[in-house]
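Structural description and commentary
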Amino acid sequence: MNKINENYLKLGGNYLFAELKKKTEAFQAKHPEADIIRLGIGDVTLPLSPAVIQAMHKAVEEMGDAKTFRGYGPEQGYDFLIRAIIDGEYKSRGIELDMDEVFVSDGSKCDVANIQEIFSRDCKVAICDPVYPVYLDSNIMAGREVVFLPSTCDNGFSPELPDVDVDLIYLCSPNNPTGTVLTRRDLERWVDYATRKGAIILFDSAYSSYIQEPGLPGSIYEIPGAKEVAIEFKSFSKTAGFTGLRCAFTVVPKALGKLNGFWNRRQCTKFNGVSYVVQRAAEAVYSEAGKGETAEMIRYYMGNAAIIREGLGKAGFEVYGGKNAPYIWWKLPSGLDSMNFAAKLLESCQVVGTPGVGFGACGEGYFRLTAFGSRARTEEAVARIMEMEI
Ligand code: PLP
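Residues numbered from 1 in each chain as written. Predicted model: local features only at pLDDT ≥ 70, side-chain atom pairs only at ≥ 80, totals over all residues. Heavy atoms only, no water.

What follows covers unusual backbone geometry. Note: most residues except glycine have negative phi, and most peptide bonds are trans. The omega torsion across Asp-129 and Pro-130 is 10°, close enough to zero to call that bond cis. Structurally, Pro-130 is set in the loop between strand S3 (124–129) and helix H5 (134–141). The omega torsion of the bond from Asn-176 to Pro-177 falls at 20°, within 30 degrees of zero and hence cis. Its location among the elements puts Pro-177 in the loop between strand S5 (168–172) and helix H6 (184–197). Even without glycine at this site, Arg-246 takes up a positive phi of about 80°. Looking at the element boundaries, Arg-246 is found in the loop between helix H7 (236–240) and strand S8 (248–251). Although it is not a glycine, Gln-350 sits at a positive phi angle of roughly 55°. (Helix = DSSP H or I, 4+ residues; strand = E, 2+ residues; numbered from the N terminus.)

Next up, the structure:
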């Protein structure tokens, strides 16, 4: 018998979004005439901005000229992009970082999962419930013990501190799927907990560029003492439409001691860097033109979020999120099961959303809609839902 990793047997059958895609495709095959509106998977729909495209064209030309051609780049990312990230993302928030504290990668999805490798196998991991499923699944794969942190409307989707000691804490703010942003006070409480307990916070801030309300933290390093206890993940995917291009970065401060060197060692061994062309594209996100164009994209998606929020609200539903995040967290009328509701929504109005239970047990009774569709399709989806008998 092969010595397989039996932890995989503890996972649910399929990755949530792959499963939903399969179900939608099966419905479409059965009803070829159905005009399905997809507000399920959190993928962007607007094309890349002109500044990003221009930077890529230039980089492609460089790659075609022997004088400017580049082969393998630094595993940590090119200095030009790391500098742009430090200046564009952190200096503006009053946060100082050294060049060797930022690690460019091809996505936060892999980083939030791979980061576990630099921690001991027997770490106890706290994970918010509901949340982006990658944290839980990847920790199950590694065989780690998980402690859930319930986040419901009763605690304002801001989880309480765990009642047992944990070693690692995944926080996601703005949260996927609830759209909640942890306040300064919330984060101070977590930083204080981690400092007292010797725990490390894994802070996933992939949607920070969607924060609209002033005063809400867009980086955990805005909190004093956070550099000693937190690793931060950010991505160009939702900020600038890079879901297909692939570029993100992870900050591992040197104040975390050995972890900075460990992550560097891990990346140098197992990762060969993001392509030069894509890194030039990411750099362009922080140019003057790039910043304006990116802000325009976010405004567009947040306009969709407002349409969904207000439409469902007018129809008398309880809705959360959608103010500082591209997700609307819809509290279903009591007693409705989110999986059955997904099937009902698809059948009766051909709208695809994501059942809350797919993000954790506490997501049962909720439903996630995304603001990443086109304006017209978003309006159409809301109109269809408002006519539906629930
Ligand atoms: N983190 C969260 C909370 C997400 O929702 C997603 C994608 O949906 C990611 C990370 C993945 O980002 P990337 O495209 O950079 O892998």
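The subject of this paragraph is the pairing of strand S4 (residues 145–150). Here S3 pairs with S4 via six bridges, running parallel. Across the sheet, the residue bridging to Ile-127 is Phe-148, located in S4. Note on the crossover from S3 through H5 to S4: the handedness is right-handed. (Pairing = 2+ DSSP bridges. Right-handed = clockwise from strand over helix to strand, strands pointing away.)

What follows is about the packing of helix H2 (residues 50–63) against helix H9 (residues 276–285). Two quantities define a packed helix pair, namely the angle between the axes and the distance from one axis to the other. Remark: H2 packs on H9, axes separated minimally by 8 Å, with the N-to-C direction vectors making an angle of 150°. When the interaxial angle is binned, H2 and H9 end up roughly antiparallel. Remark: the crossing between H2 and H9 carries right-handed chirality. Residue-level inspection shows Ala-51, Val-52, Ala-55, Met-56, Ala-59, Val-60, Glu-62 and Met-63 of H2 in contact with H9, the latter providing Tyr-276, Val-277, Arg-280, Ala-281, Ala-284 and Val-285. Looking at the contact of H2 with H9 residue by residue, the class counts come to twelve nonpolar, no polar and two charged. (Axes fitted to C-alpha atoms, helices over the stretch in contact; angles between N-to-C directions. Parallel < 35°, antiparallel > 145°, perpendicular 65-115°, else oblique. Left-handed = near helix turned anticlockwise from the far one by under 90°. Contact = heavy atoms within 4.5 Å. Nonpolar A, V, L, I, M, F, W, Y, C, P; charged D, E, K, R; others polar.)

Moving on: the pattern of salt bridges. If you walk through the whole model with that rule in mind, you get 21 salt bridges. Lys-124 is the partner of Glu-145 in a salt bridge, and the nearest nitrogen-oxygen pair spans 3.9 Å. Of this pair, Glu-145 sits in strand S4 while Lys-124 sits in strand S3; the two residues are 21 residues apart in sequence, bridging distant segments of the chain. Of the charged contacts, one joins Glu-283 and Arg-280 as a salt bridge, the two residues approaching to 2.8 Å between their closest N and O atoms. Of the two residues, Glu-283 and Arg-280 both sit in helix H9, three residues apart, roughly one turn of that helix. Glu-283 gets classed as partly exposed once you look at its relative accessible area, which sits at 25%. For Arg-280, a relative accessible area of 19% puts it in the buried group. (Salt bridge = Lys/Arg side-chain N within 4 Å of Asp/Glu carboxyl O. Buried < 20%, exposed > 50% of the residue type's maximum accessible area, 1.4 Å probe, protein only.)

Let's shift gears to the packing of helix H3 (residues 79–90) against H9. Contact geometry of H3 with H9 gives a least axis separation of 9 Å together with a crossing angle of 25°. Classified by the interaxial angle, the pair formed by H3 and H9 is roughly parallel. The crossing of H3 and H9 is left-handed. Contacts between H3 and H9 pair Phe-80, Leu-81 and Ala-84 from the former with Tyr-276, Gln-279, Arg-280, Ala-282 and Glu-283 from the latter.

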